[in-house]
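This is what each chain is made of:
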Amino acid sequence: MQEKRGVGLALSGGGSRAIAFHYGVIEAFYDLGIANKIDVVSAISGGAIIGAIFNLYAKDRSKFREKVEEVLSEGLEASLYSKLLDPRWLLHQGIHPDALADILDKKIFDGVLLNAIPDDPILILNATDLKMGCNFKFGKSICGSYKDGGYIVPNLRLSQAVAYSAAFTLCISVKKLKLNKENDVYLTDGGVYDALGANSLMPDKNDQSILTQNCETVILSDASFPYQENPQGLSFFAKSRLESSFHCSGNRNRSLIYNKVFLLHESGDIPHLGTIKMDSKHDDLTQGWTPNDLSFVNRYRTDFKPVQKKAIELIKTRGREEAEVIVKQYLPHLLS
């Protein structure tokens, strides 16, 4: 069996809220002197955006901050909606994910190819293959799933892998990606299959699994909550029913992943585990926070609209404070 080693970080989805929360978590890692100990980043959706930024600029904290702040303050939605008038995308039901990739290149990634990204930390971006009903992973040298197998897709941009991971099903269309002459996949948001981006860090995979890591330490940064709460109730429109159904499934998905991760930790398959949950109600993680501020953070929208400076600071602070507590209490070996 492969030796367990290294630290794996899973970054959940949750739009700009997730980016701001993970921003605080990673800032805490820098402050604690452990950012350079992150060996693997496995991410989905909003987490895929900041995970890719961290991969590119892990050794340049100021550049990392600059890129994340730019994405949060400017947002992506206005640029996305302008793409609806582009003749290339008019025939698609929803915004084409390659349009999102173009925007990400313009704002962040500058057209860098996936096979040209840094080796450290290892970056795994997770989408969902609707054709086979499974998690589909993008890595620097290979992409695929345990059902599809592993493939090399030449000239695939980092922005495209991020966009396919962040292609929120209700507004961005499915991406048909040719793997070779015979095989293709139909990709949508990675959160459909794995709400936390943790699948690649699960050590109980078979020999057909792709890009599976066997980390000694697993850290989950989770800004995916809330999934189901709808205090205003449902409308009669199909969109409301579909959204609530999607969120209910997401809530169940999240619970099942947590159950599995904790069982793997109890069995020793994941020796060290830290869960940084934005919606935690634990006293150690809510000390100093007013109910109004906690509610604001937990209920902040999960789209890609611009985020006001005050909101960025509040959500980022939540992530940073939680990360510091979790690392010091449950992962002290990282500080030695």
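Below is a short write-up of the structure. (Residues numbered from 1 in each chain as written. Predicted model: local features only at pLDDT ≥ 70, side-chain atom pairs only at ≥ 80, totals over all residues. Heavy atoms only, no water.)

**Let's talk about the pairing of strand S8 (residues 184-188)**
In regular strands, side chains alternate between the two faces of the sheet.
Reasoning step 1: The element S8 is extensively covered by neighbouring structure, given that four of its five residues are classed as buried.
Reasoning step 2: Note that strand S3 (residues 122-129) and S8 share two bridges and pair antiparallel. Following the sheet pairing, Asp 129 is matched in S8 by Leu 187.
Reasoning step 3: The turn linking strand S7 (residues 175-178) back onto S8 is made up of five residues. (Buried < 20%, exposed > 50% of the residue type's maximum accessible area, 1.4 Å probe, protein only. Helix = DSSP H or I, 4+ residues; strand = E, 2+ residues; numbered from the N terminus. Pairing = 2+ DSSP bridges.)

**Overview of the packing of helix H2 (residues 45-57) against helix H6 (residues 158-165)**
Reasoning step 1: Contact geometry of H2 with H6 gives a least axis separation of 7 Å together with a crossing angle of 155°. Classified by the interaxial angle, the pair formed by H2 and H6 is roughly antiparallel. The two elements H2 and H6 cross, and the hand of that crossing is right-handed. Contact residues: H2 offers Ser 45, Ala 48, Ile 49, Ala 52 and Leu 56, while H6 offers Leu 158, Val 162 and Ser 165.
Reasoning step 2: Taken together, the residues of the contact of H2 with H6 sort by class into six nonpolar, two polar and no charged. (Axes fitted to C-alpha atoms, helices over the stretch in contact; angles between N-to-C directions. Parallel < 35°, antiparallel > 145°, perpendicular 65-115°, else oblique. Left-handed = near helix turned anticlockwise from the far one by under 90°. Contact = heavy atoms within 4.5 Å. Nonpolar A, V, L, I, M, F, W, Y, C, P; charged D, E, K, R; others polar.)

**A few points about the layout of surface pockets**
Reasoning step 1: Taken as a whole, the second largest pocket spans an internal volume of roughly 280 Å³.
Reasoning step 2: Surrounding the second largest pocket, 14 residues form its lining, Phe 262, Thr 275, Leu 285, Ile 326 and Tyr 330 being those nearest its centre.
Reasoning step 3: Secondary structure elements with two or more residues in the lining of the second largest pocket: helix H7 (238-266), strand S10 (272-277), helix H8 (283-286) and helix H10 (309-330).
Reasoning step 4: When the residues that make up the lining of the second largest pocket are grouped by side-chain class, the tally is six nonpolar, six polar and two charged. (1 Å grid on protein atoms, 1.4 Å probe; cavity = no way out; pocket = protein on both sides within 12 Å on 5 of 7 lines; lining within 4 Å. Points joined across faces, edges and corners; volume = space filled by probe spheres on them.)

**Some details on unusual backbone geometry**
Reasoning step 1: A cis amide bond links Asp 120 with the next residue in sequence, Pro 121, at an omega value of 0°.
Reasoning step 2: Inspection of the secondary structure assignment puts Pro 121 in the loop between helix H5 (97-109) and S3.
Reasoning step 3: Within the chain, Ser 45 stands out as a residue other than glycine whose phi angle is a positive 50°.
Reasoning step 4: You can see Ser 45 is positioned in helix H2.
Reasoning step 5: Relative accessible area serves as the criterion here: at 7%, Ser 45 is assigned to the buried category.
Reasoning step 6: Phi at Asn 155 takes a positive value of approximately 65°, unusual for a residue other than glycine.
Reasoning step 7: Considering the arrangement of structural elements, one finds Asn 155 in the loop between strand S6 (149-151) and H6.

**Some details on H2**
Reasoning step 1: In this model H2 runs 19 Å from its N-terminal to its C-terminal C-alpha over 13 residues, within 8% of the 18 Å that 1.5 Å per residue would give.
Reasoning step 2: In terms of burial, H2 is largely enclosed, as 12 of its 13 residues are buried.
Reasoning step 3: Those residues of H2 not exposed but buried are Ser 45, Gly 46, Gly 47, Ala 48, Ile 49, Ile 50, Gly 51, Ala 52, Ile 53, Phe 54, Asn 55 and Tyr 57. (Expected span 1.5 Å × (residues − 1).)

**Here we look at the packing of aromatic side chains**
Reasoning step 1: All chains considered together, the criterion is met by eight aromatic pairs.
Reasoning step 2: Both rings, one in Tyr 23 and one in Phe 64, keep their centres 6.1 Å apart while their planes meet at 75°; by these two values the pair is edge-to-face. Placement of the pair is Tyr 23 in helix H1 (residues 15-32) and Phe 64 in helix H3 (residues 61-74), with a sequence separation of 41 residues.
Reasoning step 3: A relative accessible area of 1% means that Tyr 23 is categorised as buried.
Reasoning step 4: On the accessibility criterion, Phe 64 (0% relative accessible area) is buried.
Reasoning step 5: Members of the aromatic cluster, connected to one another through ring pairs, are Tyr 23, Tyr 30, Phe 54 and Phe 64.
Reasoning step 6: Lying over the aromatic face of Tyr 258, Lys 277 brings its terminal NZ or CZ to 4.7 Å of the ring centre.
Reasoning step 7: A cation over an aromatic ring shows up here: Arg 318 above the ring of Trp 289, its NZ or CZ 5.4 Å from the ring centre. (Phe/Tyr/Trp six-rings, centres within 6.5 Å; stacked < 30°, edge-to-face > 60°. Lys NZ or Arg CZ within 6 Å of the ring centre and 35° of its normal.)

**Some remarks on the side chain of Ser 16**
Reasoning step 1: Of note, Ser 16 is situated in helix H1.
Reasoning step 2: Exposure remark for Ser 16: the relative accessible area of 3% places this residue in the buried category.
Reasoning step 3: Contact partners of Ser 16, with chain neighbours within four places excluded, come to Leu 72, Asp 303, Phe 304, Lys 305 and Val 307.

**Focus: a nonpolar patch on the surface**
Reasoning step 1: Residues Leu 130, Val 174, Tyr 186 and Val 192 make up a contiguous nonpolar surface patch of about 290 Å² in total accessible area.
Reasoning step 2: Its place among the elements puts Tyr 186 in strand S8. (Patch = residues over 30% accessible without salt bridge, like charges linked within 9 Å, V, L, I, M, F, W, Y side chains within 5 Å. Areas by Shrake-Rupley, 256 points an atom, 1.4 Å probe, with all protein chains shown as cover. Salt bridge = Lys/Arg side-chain N within 4 Å of Asp/Glu carboxyl O.)

**Examining helix H9 (residues 291-298)**
An α-helical turn contains 3.6 residues, so a residue and the one three or four places further along point in the same direction.
Reasoning step 1: Looking only at H9, the buried set comprises Leu 294, Val 297 and Asn 298. Across the axial projection of H9, the buried residues extend over an arc of 95°, all falling on one side. (Arc of directions from axis to C-beta.)

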